[in-house]
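# Remarks on the overall topology
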Amino acid sequence: MKDRYQVVVIGGGIVGCSVAYHLALLGTTDVAVIERRELTAGSTWHAAGGFHAINADTRIAALQKYTIGLYPQVEQESGRSVGLHMSGGIELAGTAERWRLLRSELAWHRMMGTDAYLLTAEEAAEMVPIVDPAGLFGALFDPEEGNLDPNGATHAYADAARNRGAEIVLHNRVLSLTATHGGGWSLETEQGPVSAEHVVNAGGLWARRVGRMVGVDHPLTPMLHHYLVTEDIPEVKAIEGDMPAVTDLEGFTYLQREGDGVLLGVYETHPKHWMPEGADWDFGMQLFPEDIERILPELTIGFERFPVLKDVGIKRWVYGAFTFTPDGNPLVGPVDGVPNYWAACGCMAGFSQCAGIGLALANWIVDGDPGYDVFGMDVARFGSYASDDTYLRETTAQFYARRFVMAYPNEELPAGRPLKTTPCYEDFVTLGARFTVNWGLEVPLYFAPSIDFEENDTLGRSNAEPIVAGEVEAVRTAAGAYEIAQYARYEVTGPGAERWLDHLLSSRLPAVGRIRLAPMLSEAGRLMGDLTVARLDEDRFWLTGSYYLQDWHERWFRAHLPASGVELRNVTEDRMGFSVSGPASREILERLVHEDVSNAAFPFLAVRRMDVGTTHAVVGRISLTGELGYEIVVPTDRHRQPLWPELLEAGSTHGLRPIGDRAVDCLRLEKGYGIWSAEFRQDGTPGASGLDRFVAFDKQGFVGREAALREREAGPRQRLVLLEVDAADADASMDEGIWLEDRRVGVVTSGAYGHHVKRSLALAYLETDVLQSSPELTLDVVGEKRTGRILPEPPYDPSSSRLRDVAPVR
Ligand SMILES: Cc1cc2nc3c(=O)[nH]c(=O)nc-3n(C[C@H](O)[C@H](O)[C@H](O)COP(=O)(O)OP(=O)(O)OC[C@H]3O[C@@H](n4cnc5c(N)ncnc54)[C@H](O)[C@@H]3O)c2cc1C
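What counts and what doesn't
- Residues numbered from 1 in each chain as written.
- Predicted model: local features only at pLDDT ≥ 70, side-chain atom pairs only at ≥ 80, totals over all residues.
- Heavy atoms only, no water.
- Helix = DSSP H or I, 4+ residues; strand = E, 2+ residues; numbered from the N terminus.
- Rg over C-alpha atoms; globule rule 2.2 N^0.38 Å.
- Buried < 20%, exposed > 50% of the residue type's maximum accessible area, 1.4 Å probe, protein only.
- Contact = heavy atoms within 4.5 Å.
- Areas by Shrake-Rupley, 256 points an atom, 1.4 Å probe, with all protein chains shown as cover.
- Lys, Arg positive; Asp, Glu negative; His and termini not counted.
- Charge placed at Lys NZ, Arg CZ, Asp CG, Glu CD.
- 1 Å grid on protein atoms, 1.4 Å probe; cavity = no way out; pocket = protein on both sides within 12 Å on 5 of 7 lines; lining within 4 Å.
- Points joined across faces, edges and corners; volume = space filled by probe spheres on them.
- Nonpolar A, V, L, I, M, F, W, Y, C, P; charged D, E, K, R; others polar.
- Pairing = 2+ DSSP bridges.
- Axes fitted to C-alpha atoms, helices over the stretch in contact; angles between N-to-C directions.
- Phe/Tyr/Trp six-rings, centres within 6.5 Å; stacked < 30°, edge-to-face > 60°.
- Lys NZ or Arg CZ within 6 Å of the ring centre and 35° of its normal.
- Near = heavy atom within 4 Å.
- Polar contact = N/O pair within 3.5 Å; in protein donor to acceptor, adjacent residues only side chain to side chain.
- Salt bridge = Lys/Arg side-chain N within 4 Å of Asp/Glu carboxyl O.
- Core = buried A, V, L, I, M, F, W, Y, C linked by side-chain atoms within 4.5 Å.
- Parallel < 35°, antiparallel > 145°, perpendicular 65-115°, else oblique.

This part covers the overall build of the protein. Counting its regular elements, the protein contains 21 helices and 37 strands. For 810 residues, the compact-globule estimate of 2.2 N^0.38 gives 28 Å, and the C-alpha radius of gyration of the protein, at 28 Å, lies within 12% of that figure. Dimensions of the protein, computed from the C-alpha atoms along their principal axes, are close to 80 × 65 × 50 Å. Put simply, the protein has 810 residues, and 62% of those count as buried. Restricting the contact set of the protein to residue pairs at least 6 apart, pairs at least 24 apart contribute 72%. When the accessible area of the protein is evaluated, it comes to approximately 30,200 Å², of which 50% is carbon and sulfur surface. Between the averaged position of the 75 positive side-chain charges in the protein and that of its 115 negative side-chain charges there is a distance of 5 Å.

Set out below in structure tokens:
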């Protein structure tokens, strides 16, 4: 071991070794993996080694595909076998709804470029003769599944990294980490002190403890997991070559070939946590005595689906621990306020994800940019709330227990809720609100007319749609009030504020009293935010962004903040309010203010301090619904009382209704407005998304300008368009492929039924050559082929006359 490295990776599991290899691939070879015992000595050594590409987040799925595709290269470079079996895998559907979902999943595979196909129950049982097909509706075969040897794969990564110059240091625990003045790290290890420019926490079962060495409490926790390995089974022995893995989606089990027997793993509905703070330092390569009693219900279902298991001996039980995060995806990337510390932990599917993590993290360390949209595994996607013990236990247990349970798109899951509520929560409950959750905050979805109303979980349109339609109509014909607690707000002040924001944002800054839409770009010209910037005074600005992006945005802001002259304050929790929009919104506001808020005095995109009712407020003339509208922002202690009742009272004679997220989503789609995480994402660009109309290309020196100019010159390859879809009982939602005959020409970013315009709508990225001809396109909506047509303009108020309150342009 040297006494100094550019990068030290703490942990020699599959993830740490992959990170080292990917750094070396990029030419960063002054890297050491420091491992407290042997390679694989955490969760890795006893894993089942199964892998698959499927993930609820399509971007993570693409990185899983990359992981699977990289094994032959690692094997070849290292000269070590990874024991790869590309057996393919079968998912079984035991209910009609699940079968419908698998048909929809097939379309997703097609969109991802995977040659998956459907099987009848009998065909599935032919492929895997120990499956009992009774009661099955069908199955889906995915060729990009399989299993490997966890030990071989880890050593292969380590050898390949070593061949490229990295060092692997064994039997050396990292004892402490201290930040140095130069921005690097000083490590105390069992074998002596080491310094490093960067440290990577790939500590697996110990990652929470390693995080605490630098004052970071990562939201991850170890949980226990069982699988069994059987003696030889004649039916398995008779299969030449690989046998597809099987996931019994109603049975909570997965099965794969292991020699001439099988391995059966169980995701039980009553999972068990283990050492939530992380394993003890002296925890070895240990297993726990199997606890069959605990997993008996799920095991019994497994034995029914694979009846031969009742008659075959069990060779061994493996009962070990691995880590989970609240949403089951890993924690990757830099942590705000802890320079040059990088997370690569919380990974529960190491053999599906190790290369994706390694690739993104190596890019990030070397280039300052992960190179992909990795928000789904970004350590910044959770706030500090997620490390709360109860929250972490409940959400990780929910994820574990529902690993194979079918999730409906409109289903609201209960774990860890309610965690954060706004002061109006109880009032909204009384008004019939049903809630969704945004970064731990309860947010109204819609307001049900009766306490007894229960929404049905469905793949199609739910019975809540008529309620949403009512809220949409209220906004289009009268007014709706929408709580805007779920917007993040940052106050930027100081003598350097203007200069800094002018550099950070790609738009021109507004004049005092005005608001602007302000795309924020990375150096590579990709989107980092769809912010609005309001200028309250010469040197006082408010930036508004997505609530759940707070840690992500603050990390970005701070990375670009000058040493002095600018003060950045997150005022999200200090300020709340309502967005009131609809044709009656001005009359409602006029009842509450003494100011002239006419179109002439208070035009579109104006912002002003004024008293609203009995409260000092900041009012912006802006709305996402496509109607005349105002955002009223007040100190949080004035939000519920007096603002809310005063607003209701003022609106009572004007048809004002409280509205929720679903109505807003429908209203913005009728106008073709994009939102973050759907149309606007980290892998998007201004040209493709249409946000280029807010970019001041002639402004010098803003972040991402060169790349944005290059895109403008070359023209984007894709463009965001609004489609009308011939849908029946279900609308497009996200990630549906769009086809022109057999060519995939686009992908849906969001969709909903437009209740006012009475059409099913979808926003989508389409390749630009398709746009010339406006052809009929095909979309897969919940497994059914639907026709989609490009709308040349939004179906509602295309000239935005209502938003601006001007005469319609004909
Ligand atoms: C029973 C079971 C079955 C599984 N089956 C599968 C499967 O089929 N497919 C799949 O993808 N995943 C499976 N997993 C999960 C898989 O094991 C993990 O996703 C993966 O091993 C995580 O790898 P890692 O490198 O992040 O962590 P780990 O393997 O835990 O590695 C972390 C390493 O860091 C070292 N370390 C920690 N702290 C320090 C320190 N301070 N100094 C030096 N070294 C340190 C540890 O010694 C350890 O070797 C299974 C897990 C279990 C328990």
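It is the rolling of a water-molecule-sized probe over the atoms that shows where space remains empty. In this model, the second largest pocket occupies a volume close to 970 Å³. Around the second largest pocket, the lining is made up of 34 residues, and of these Arg59, Asp683, Gly684, Arg717 and Gln718 lie nearest the centre. At the level of secondary structure, the elements contributing two or more residues to the lining of the second largest pocket comprise helix H2 (58–78), helix H3 (96–112), helix H19 (705–714), strand S34 (743–754) and strand S35 (759–767). Residues of the lining of the second largest pocket, tallied by class, amount to 14 nonpolar, 8 polar and 12 charged.

Turning our eyes to something else, we now look at the sheet that holds strand S4 (residues 89–93). The mixed open sheet is built from 8 strands, whose spatial order is S5-S6-S4-S13-S14-S15-S12-S16. Since the sheet does not close on itself, it has two edges, and those belong to strand S5 (117–119) and strand S16 (314–324), each with one partner. The mean angle between the axes of side-by-side strands here comes to 25 degrees, regardless of whether they run parallel or antiparallel. Sheet strands touched by H3: S4, S5 and strand S6 (138–142). Its angle to S6, the strand with the most contacts, is close to 20 degrees.

This paragraph deals with the environment of Gly135. Within the fold, Gly135 resides in the loop between helix H4 (121–127) and S6. Look at Gly135 and you get exposed, because its relative accessible area is 55%.

So, about the packing of aromatic side chains. All chains considered together, the criterion is met by 30 aromatic pairs. The structure contains a cluster of three or more aromatic residues connected by ring pairs, namely Tyr254, Tyr267, Phe322, Phe324, Phe399, Tyr400 and Phe404. Above the ring of Trp206, the side-chain terminus of Arg36 is found at 3.9 Å from the ring centroid. Here Arg110 stacks its cationic end above the ring of Trp739, 3.9 Å away from the centre of that ring.

Near the ligand there are 39 residues, and of these Glu35, Arg36, Thr44, Gly50 and Cys347 occur at the shortest range. Interatomic distance of 3.3 Å between a backbone N/O atom of Ile14 and an oxygen atom of the ligand. In this structure, Ala48 approaches the ligand through a main-chain N or O atom, which is 3.0 Å from a nitrogen atom. Looking at side-chain class alone, the shell around the ligand contains 20 nonpolar, 16 polar and 3 charged residues.

This part covers the sheet that holds strand S31 (residues 656–658). Spatially, 6 strands are ordered S28-S29-S30-S27-S21-S31 in an open sheet, and the strand pairing comes out mixed. What marks the edges here is a single partner per strand, and that holds for strand S28 (607–612) and S31. Neighbour-to-neighbour, the strand axes of this sheet turn through a mean angle of 30 degrees, independent of strand direction. On top of the sheet, helix H12 (residues 465–477) reaches strand S21 (479–483), strand S27 (575–581) and S31; it is set at about 140 degrees to S31, its chief contact.

Turning our attention to the pattern of salt bridges. Counted according to the given criterion, the structure contains 56 salt bridges. Across the pair Arg640 and Asp427 runs a salt bridge whose closest N-O atoms are separated by 2.7 Å. One end of the pair, Arg640, is in helix H16 (residues 639–651); the other, Asp427, is in helix H11 (residues 425–430), and 213 residues separate them in sequence. One salt bridge connects Glu776 with Arg789, and the closest N-O pair in it is separated by 3.4 Å. Of this pair, Glu776 sits in the loop between helix H20 (768–771) and strand S36 (777–781) while Arg789 sits in strand S37 (residues 784–791); the two residues are 13 residues apart in sequence, bridging distant segments of the chain. Since its relative accessible area comes to 26%, Arg789 is described here as partly exposed. Each of Glu491, Asp537, Arg540, Arg569 and Arg609 takes part in a single network of salt bridges with overlapping partners.

Now for the nonpolar core. Grouped together as the largest cluster of nonpolar side chains are 81 residues, with contacts concentrated most on Val8, Leu177, Leu187, Val492, Leu505, Leu543 and Phe557. In this structure Leu543 touches Ala488, Arg489, Tyr490, Val492, Leu501, Leu505, Leu531, Thr532, Val533 and Phe557, once residues within four positions along its chain are discounted. In this structure, Cys17, Ile68, Ala161 and Ala362 belong to the second largest nonpolar core, which totals 48 residues.

Another aspect to go through is the packing of helix H1 (residues 14–25) against H2. Relative orientation of the contacting elements H1 and H2 amounts to 75 degrees, with a least axis distance of 13 Å. Here H2 runs roughly perpendicular to H1, going by the angle between their axes. Touching Tyr21, His22 and Leu25 of H1 are Tyr66, Leu70, Gln73, Val74 and Glu77, all from H2.

Of all 10 residues in strand S11 (residues 192–201), 8 are buried, a share of seventy percent or more. Bridging between strand S1 (residues 4–10) and S11 involves 6 bridges; their strand directions are parallel. Considered in S11, the bridge of Val8 is made with Val199. The hairpin turn running from strand S10 (residues 185–189) into S11, its antiparallel successor, is 2 residues long. With 3 bridges joining them, S11 and strand S18 (residues 338–345) adopt parallel strand pairing. Bridge pairing in S18 links Val199 to Tyr341.

What follows covers unusual backbone geometry. Backbone torsion omega between Arg417 and Pro418 reads -10 degrees, so that peptide bond is classified as cis. Its place among the elements puts Pro418 in the loop between helix H10 (389–401) and H11. Following Gln641, the chain continues into Pro642 via a peptide bond in cis, with omega recorded as 15 degrees. Residue placement: Pro642 occurs in helix H16. One non-glycine residue, His171, adopts positive backbone phi at about 50 degrees.

As a further point, take the packing of H2 against helix H9 (residues 350–367). The N-to-C vectors of H2 and H9 enclose an angle of 100 degrees; their axes lie 7 Å apart at closest approach. The orientation of H2 relative to H9 falls into the category roughly perpendicular. Seen from H2, the contacting residues are Ile60, Leu63, Gln64, Tyr66, Thr67, Leu70 and Tyr71; seen from H9, they are Gly350, Phe351, Ser352, Gln353, Cys354, Ala355, Gly356 and Leu359. For the contact of H2 with H9, the per-class residue count stands at 9 nonpolar, 6 polar and no charged.

With that settled, consider empty space enclosed by the protein. Applying the stated criterion across every chain yields a total of 2 cavities of 30 Å³ or more. In terms of lining, the largest cavity is formed by Asp373, Phe375, Trp552, Trp676, Ser677, Arg681 and Gln682. Residue composition of the lining of the largest cavity, grouped by class: 3 nonpolar, 2 polar and 2 charged. A volume near 30 Å³ is recorded for the second largest cavity. Lining the second largest cavity, in full, are Tyr482, Tyr487, Ser579, Leu624, Thr625, Glu631 and Val664.

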